[in-house]
There are 2 protein chains.
Amino acid sequence: MMVTAVKTRKRTLKAKAPVKTRAAILPPVHDLPPVHGLPVNQILKGDCIEMMRSLPSASIDMIFADPPYNLQLGGNLARPDGSHVDAVTDAWDQFDSFAVYDRFTREWLSEAYRLLKPNGSIWVIGSYHNIFRLGTMLQDMGFWILNDIIWRKTNPMPNFKGTRFTNAHETLIWAAKSEKAKYTFNYRAMKTLNDELQMRSDWVLPICSGKERLKRNGTKAHPTQKPESLLYRVVLATTNKGDVVLDPFFGTGTTGAVAKRLGRHWIGCEREDSYIEVANERIELALPLDESALKTMQSKRAAPKVPFGSLVESGWLAPGAVLTDKKRRWQAIVRADGSLAVGQDTGSIHGMGTKVQNAASCNGWTFWHYQDKDDAKNDLKPIDTLRQRYLLAIED
Amino acid sequence: MMVTAVKTRKRTLKAKAPVKTRAAILPPVHDLPPVHGLPVNQILKGDCIEMMRSLPSASIDMIFADPPYNLQLGGNLARPDGSHVDAVTDAWDQFDSFAVYDRFTREWLSEAYRLLKPNGSIWVIGSYHNIFRLGTMLQDMGFWILNDIIWRKTNPMPNFKGTRFTNAHETLIWAAKSEKAKYTFNYRAMKTLNDELQMRSDWVLPICSGKERLKRNGTKAHPTQKPESLLYRVVLATTNKGDVVLDPFFGTGTTGAVAKRLGRHWIGCEREDSYIEVANERIELALPLDESALKTMQSKRAAPKVPFGSLVESGWLAPGAVLTDKKRRWQAIVRADGSLAVGQDTGSIHGMGTKVQNAASCNGWTFWHYQDKDDAKNDLKPIDTLRQRYLLAIED
DNA sequence: CCTATCGTTGAATCTGGTC
DNA sequence: TGACCAGATTCAACGATAG
């Protein structure tokens, strides 16, 4: 079996281009010592299992794998405005059964196990369609799970038909090769990145869009391109400078681009020519992360928004409680879902405030009041004071 | 095999207690129709698998299960043949203990599958130690996963050693009994609860602490008591009033307390006397919500259907009236039979909306607009507002 | 140049009743 | 069981265009 190494174009060639790119102007940032016996900083073209078999055992420091999710989609899906949703229907995501998917998974995970150094670690990412199978198989193969990480998307696609909860996250699993392994975890770097608080297992990051999203002929080059901010955190947390990172499902090369920026070696496996081409161009141009990408890496410390319903389900205000305005002109009953009922009319705290006053708008938090039982005087307090207390209670 | 029903104490008994509880003073608010052939609103004392075997097939609307997941951590673990399993030291033992855990899981999940009604659904909760095995087994048994939900803890325990990411979440899986099942999802109630945004798959809720955390002799009564807010959302989202909710790992009865409050029947399985005692006391004190508070915002799907023709024959819209789309690109004439005419073409409000836009489908109620005479500004309103008024008018 | 509005789009297991 | 059709259903971010 032949390994075809598709090298990224040489910097010297790029410098002759008529328009100087920033990559051509800037000096190379890292000067890493070479790695012997490994085809580093290349894309290996071909089936990932075969490509991995061509590499020597115990040679890789970290593996990041974004395998097919095995989505099992029904027919076409339309948005409420009638437009068509461009779904992931590529051949590479089609498997006949869980058994077929499991066999495929076991094969590439076996190679991953062999390739990892004893103290190396692996990351896999998936959704509920496949992540449970990945996790089970990791455990059965002797990997030792260190964390499951939730990527909470700030801007997920909604559930257009209102049939389920909005699927607003993906799950990553981080595992060592054994229970006793001395894996790399850059605790200090993570804490710094997170405003001096321990980095948690839930990461709030936007999906990959805008200028970061790679395009070919005006359409997305890859259906499931991951954001660089996600890989940045993964690579920074669990590798050291000069380490070798392997991505068996390289796609458009997010892992390679981030590894290059952070001074790590990378190896990618990819079958599709079109992805390889895009990835090589991208990595060649890889620069220090741009402003917007850096910004998303910092934690967001803004106070969380509190839906009125949270007060109800957390028991701060019981369904059935009576709210009034400050002058007790109107009464409203709190209902189980956090809506208010005024006579036959129902709606949100803001909507009902607007309605009873026949106003253009209304801030329900300050308009509606409740009677505090602990208060001897029959004073009314705006429900906003409950929100303040709730915020204090849930504060980290 | 005997089923021991440990009933919650009767209200009349409670009334004789020296200290009157709130539950004793208030009249019972719900009057749920009885459920025949099921020991509802009781704790079944004993092994959960045996208890579940005593219940009839296809009798349960929703199952919430918080199974133990410390089995592989070196506690006393017995193989099915009774022999002792040594503490987990290597991958083989680890695999061995997973096999035991899997067998246990398969047994109670089989019973859960049998007990669920065809359109019922199941919730399981766990951490990375066991959730992947639960998810895989659910899929292998034919359950159809609807969502995985992340309970994002606002106040998790820090990782004291700084060796990993702070484990700040737990994972829930929500699954139907089959792909085609018509499961219950109260979309509108969830949207209302979340300030008019779709409820997402990541839920931010505090852990159970403070006054809610049940104590015995000054220490926590149960090591993993779940917050009521979590169960509140689960029960409100995926059951209807009067449904039967089963919790095979009842513990201190959070599921029962919330079910009672929300007007659902509950059944709990629990082995430990101390938990049963605490749970019964707690549920006895839980206050059911009254009818009006229990009501939630209804989706249009649940509202009675209004044929467009009804608006015409009731005089809300005269034959000959002119409808347009929002941007006045197309005009349609209302005809006496409730059909629309656009030029020579005629059809339903939906059909004509579809046709003029050359779209795949169209909701005529929101597409077609009329001009309100009472409105001084020449604003167009969707004919859906007429339907809303009609619905209010015919409501008694 | 700034702001408002409109159109587009993203790993999605995405309707239900009747004939 | 499949075809038909009434009708319910979306959030955040980005880019282009208009004012």
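Predicted, not measured: the structure shown is a model, and the values here were computed from it.

## Quick look at the overall build of chain A
Each helix and strand in chain A was counted, giving 14 helices and 17 strands. Buried positions account for 53% of the 396 residues belonging to chain A. Sequence-distant contacts, at least 24 apart, represent 68% of the contacts inside chain A between residues at least 6 apart. A total of about 18,300 Å² of accessible surface is found on chain A, and carbon and sulfur atoms cover 52% of it.

## Re the interface of chain A and chain B
When the parts of a complex come together, some accessible area is lost, and that lost area is often taken as the interface size. The interface is formed by 75 residues belonging to chain A together with 74 residues belonging to chain B. Approximately 6,400 Å² of surface area, both sides summed, lies buried where chain A meets chain B, with 51% of it carried by carbon and sulfur atoms. Of all residues in chain A, F132(A), F165(A) and E313(A) give up the largest surface area on contact with chain B, accounting jointly for 14% of the area buried on that side. Connecting chain A to chain B are 6 salt bridges. Across the salt bridge formed by D202(A) and R152(B), the nearest N and O atoms sit 2.4 Å from each other. Our count for the contact surface shared by chain A and chain B stands at 40 residue pairs in polar contact (both at pLDDT 80 or more). For the side of chain A that touches chain B, the leading source of residues is strand β5 (residues 144–153) of chain A, giving 9 residues. Here the residues of the side of chain A that touches chain B are counted per class, giving 34 nonpolar, 26 polar and 15 charged.

## Points about the pattern of salt bridges
Any two side chains of opposite charge can pair if their charged atoms end up close together. Residue and element names in this part refer to chain A. The full count for this structure, using the stated rule, is 44 salt bridges over all chains. For D273, the salt bridge is made with K45, and the minimal N-O distance between the two is 3.1 Å. A residue pair is termed long-range when its members are at least 10 positions apart, and D273 in helix α9 (residues 273–284) and K45 in strand β2 (residues 42–45) qualify at 228 residues. Taking relative accessible area as the criterion, K45 reaches 28% and is therefore assigned partly exposed.

## A short note on the nonpolar core
In terms of nonpolar packing, the biggest core is built from 69 residues, with W108(A), I122(A), W108(B) and I122(B) touching the most fellow members. Here this core gets 6 residues from one element, more than from any other, and that element is helix α4 (residues 98–115) of chain A. The contact partners of W108(A), leaving out residues within four places of it in the chain, are C48(A), I49(A), M52(A), A65(A), P67(A), I122(A), V124(A), L134(A) and F249(A). Among the nonpolar cores identified, the runner-up in size contains 56 residues, and A181(B), Y187(B), L193(B) and V245(B) belong to it.

## Concerning the protein's contact with DNA strand C
By nearness alone, 38 residues border DNA strand C, and R79(A), Y128(A), K161(A), R164(A) and R213(A) come closest of all. Residue P67(A) places a main-chain N or O atom 3.0 Å away from a base nitrogen belonging to DNA strand C. One of the side-chain N or O atoms of W144(B) is found 3.3 Å from a base oxygen in DNA strand C. Partitioning the surface near DNA strand C into residue classes produces 18 nonpolar, 9 polar and 11 charged.

## Let's talk about the UniProt feature "domain: DNA methylase N-4/N-6" (unreviewed entry) in chain A
UniProt feature "domain: DNA methylase N-4/N-6" (unreviewed entry): in the numbering of this structure it lies at residues 60–281 of chain A. A distance of 24 Å separates the end C-alpha atoms of residues 60–281 of chain A, which is 28% helix and 24% strand.

## Here's the deal with the packing of aromatic side chains
For the structure shown, the criterion picks out 39 aromatic pairs over all chains. With centroids separated by 5.1 Å and ring planes inclined at 80 degrees, the aromatic side chains of W108(A) and F249(A) adopt a geometry described as edge-to-face. Of this pair, W108(A) sits in helix α4 while F249(A) sits in the loop between β10 (244–247) and α8 (254–261); the two residues are 141 residues apart in sequence, bridging distant segments of the chain. The pair W108(A) / F249(A) is uniform in exposure class, with both members buried. Where W330(A) meets F367(A), the ring centres are 6.2 Å apart and the plane angle is 40 degrees; that geometry is what we call tilted. With W330(A) in the loop between β12 (322–324) and β13 (331–334) and F367(A) in helix α13 (residues 364–367), this residue pair connects regions lying 37 residues apart in the sequence. Through pairs of rings, three or more aromatic residues link up here, namely W123(A), W174(A), Y183(A), F185(A), Y187(A), W203(A) and F165(B).

## Section: the packing of helix α7 (residues 228–238) of chain A against α8(A)
Residues and elements named next belong to chain A. Interaxial distance between α7 and α8 falls to 9 Å at its minimum, and their mutual angle equals 55 degrees. As judged from the angle between their axes, α7 and α8 are oblique. Our pair here, α7 against α8, has a crossing hand that is right-handed. Of the residues in α8, those touching α7 at E228, L231, Y232 and V235 are T254, T255, A257, V258 and R261. Looking at the contact of α7 with α8, its residues break down into 5 nonpolar, 2 polar and 2 charged.

## Quick notes on the environment of T192(B)
Mapped onto the secondary structure, T192(B) falls in helix α6 (residues 187–193). Owing to a relative accessible area of 7%, T192(B) belongs among the buried residues under this scheme. T192(B) sits 105 residues away from M297(B) along the chain, and the two C-alpha atoms are 7.1 Å apart. Setting aside its immediate chain neighbours within four residues, T192(B) contacts D337(A), G338(A), S339(A) and M297(B). At 2.8 Å, the side chain of T192(B) and the backbone oxygen of R188(B) are in polar contact.

## Brief notes about the protein's contact with DNA strand D
In the vicinity of DNA strand D there are 28 residues, among which Y187(B), K191(B), Q198(B), H350(B) and R387(B) approach most closely. Here the atoms of DNA strand D within 4 Å of the protein split so that 62% fall in sugar or phosphate, with bases taking the remainder. Backbone polar atom of P156(A) to a base oxygen of DNA strand D: 3.4 Å apart, as the coordinates give it. H350(B) has a polar side-chain atom sitting 2.5 Å from a phosphate oxygen of DNA strand D.

## So, the environment of V100(A)
All names here are of chain A. Positionally, V100 belongs in helix α4. Overall, V100 belongs to the partly exposed group, its relative accessible area being 29%. Measuring from C-alpha to C-alpha, the distance between V100 and K153 comes to 30 Å, with 53 residues separating the pair along the chain.

## Topic: the side chain of S229(B)
Among the structural elements, S229(B) can be located in helix α7 (residues 228–238). Not counting the four nearest positions on each side in its chain, S229(B) is found in contact with E313(A), S314(A) and L205(B).

Reading the values: the criteria
- Residues numbered from 1 in each chain as written.
- Chains lettered and ligands numbered in written order.
- Predicted model: local features only at pLDDT ≥ 70, side-chain atom pairs only at ≥ 80, totals over all residues.
- Heavy atoms only, no water.
- Helix = DSSP H or I, 4+ residues; strand = E, 2+ residues; numbered from the N terminus.
- Buried < 20%, exposed > 50% of the residue type's maximum accessible area, 1.4 Å probe, protein only.
- Contact = heavy atoms within 4.5 Å.
- Areas by Shrake-Rupley, 256 points an atom, 1.4 Å probe, with all protein chains shown as cover.
- Buried area = accessible area lost by both parts, 1.4 Å probe.
- Salt bridge = Lys/Arg side-chain N within 4 Å of Asp/Glu carboxyl O.
- Polar contact = N/O pair within 3.5 Å; in protein donor to acceptor, adjacent residues only side chain to side chain.
- Nonpolar A, V, L, I, M, F, W, Y, C, P; charged D, E, K, R; others polar.
- Core = buried A, V, L, I, M, F, W, Y, C linked by side-chain atoms within 4.5 Å.
- Near = heavy atom within 4 Å.
- UniProt positions renumbered as here; feature names shortened; annotations may be inferred.
- Phe/Tyr/Trp six-rings, centres within 6.5 Å; stacked < 30°, edge-to-face > 60°.
- Axes fitted to C-alpha atoms, helices over the stretch in contact; angles between N-to-C directions.
- Parallel < 35°, antiparallel > 145°, perpendicular 65-115°, else oblique.
- Left-handed = near helix turned anticlockwise from the far one by under 90°.

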